[in-house]
Amino acid sequence: MTAQLSAPEALLALAGDYNRHNDALNSLAIMEINGTSPATSVGKQIPRTQHLAHSALHIVDALNHQRMYHSPGIRSAYARIRQLAHLALDAADHLLDAEDILDDARVGTPSEDGPPLTPKEARSEVRDRLALVRDLTALGADDALATAELLVTEMRRQRLLPADQLLDLSPAQHTALRAVAQGFVTIDRHDDKPRVSRDDLRISISTIRSLETRGLVGREETPRVLHDERVHLTADGCRTLAASFGHVRPPALTTARPAPVKAASAPARSR
């Protein structure tokens, strides 16, 4: 976590790192594992995964130095951040095992079950471990965003954050910032249109461009197949999205309908 980022902002930056990690993992599982140096490719992924754990633990350390009441919400935020760290450490262990399997197969070291694995058998074993890594880290970005929102909400309740006014973001821009943090948005450079990996979201390229103009998001090349660029929050984007959390929005105004007027009963006819 950089010195300029608060703990909630650092969680949003961690969400971006999870998205980068998972993009690289996707490329490793689909393409690089079948290359000429699969062990080298796996080895390059290990520091990325370990970085996720270290970043989460740094956020815990930063929170430990902040005076606050450990309410149930704050304790839940701590637990979620530690869980992000532990899941990343478990994922890194699976990658270390995968690297060892490939190295042993390359030099002909006997496997635990007997004879050395063939390259094909080793790659099959490694794919199983990569699937475990994917499962452990798939929800990292979404969990980091949810934890950041919980943390900001609790800190506002304890008056540990300034009572900022709601930022000048349109609903479409706010939705796009959240979707970017969660890793839902990539750009197809052939038609310069966003690809959104959630069926219930619609994000236009004009909204992305407006956020780029404000310096809140940026594009990076991604190794994912069929996706040219990943949209990420910038440091200002992390700060802006974090500042939008925890505000009590006024209820929508409603207009009460007048009670229906009962028709007057007709006077009784005299006989």
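Refer to the structure presented above.
The numbers attached to residues start from 1 for each chain and follow its sequence in the written order. With pLDDT at 70 or above as the cut-off, local features in this predicted model cover only qualifying residues; side-chain atom pairs require 80 or more to be listed or tallied, and sums for whole chains, interfaces and linings still use all residues. Side-chain numbers here rest on the full set of heavy atoms in the structure, without hydrogens or water.

A. Expanded view of unusual backbone geometry. Here the phi dihedral of R159 falls at roughly 60°; this positive angle occurs in a residue that is not glycine. Residue position: R159 is located in the loop between α5 (140-157) and α6 (171-181). Although it is not a glycine, D192 sits at a positive phi angle of roughly 55°. A helix here means a DSSP run of H or I that spans at least four residues, while a strand means a run of E at least two residues long, and both kinds are numbered starting from the N terminus.

B. A look at the pattern of salt bridges. The salt bridge definition used is simple: a Lys or Arg side-chain nitrogen within 4 Å of an Asp or Glu carboxyl oxygen. The tally for this structure, following the rule as stated, stands at 17 salt bridges. The salt bridge partner of E9 is R239, with a shortest N-O separation of 3.8 Å. With E9 in helix α1 (residues 7-30) and R239 in helix α8 (residues 235-243), the pair connects residues that are 230 residues apart, well separated along the chain. On the basis of relative accessibility, which here comes to 11%, the residue E9 falls in the buried class. Residues joined in a network through salt bridges with shared partners are D192, R209, E212, R219 and E229. Buried, partly exposed and exposed residues are distinguished by accessible area as a fraction of the type maximum, computed with a 1.4 Å probe on protein chains only: under 20%, between the cut-offs, and over 50%, respectively.

C. Representation of a nonpolar patch on the surface within the structure. Patch membership is restricted to residues that have no salt bridge and whose relative accessible area is over 30%. Joining uses 9 Å for like charges and 5 Å for the nonpolar side chains Val, Leu, Ile, Met, Phe, Trp and Tyr. Only the protein chains shown count as covering a residue, and every accessible area follows the Shrake-Rupley method with a 1.4 Å probe. On the surface, I30, M31 and V225 cluster together into a nonpolar patch covering about 270 Å² of accessible area. Residue placement: V225 occurs in the loop between β3 (217-221) and β4 (229-233). According to the relative accessible area criterion, V225 is partly exposed, its value standing at 41%.

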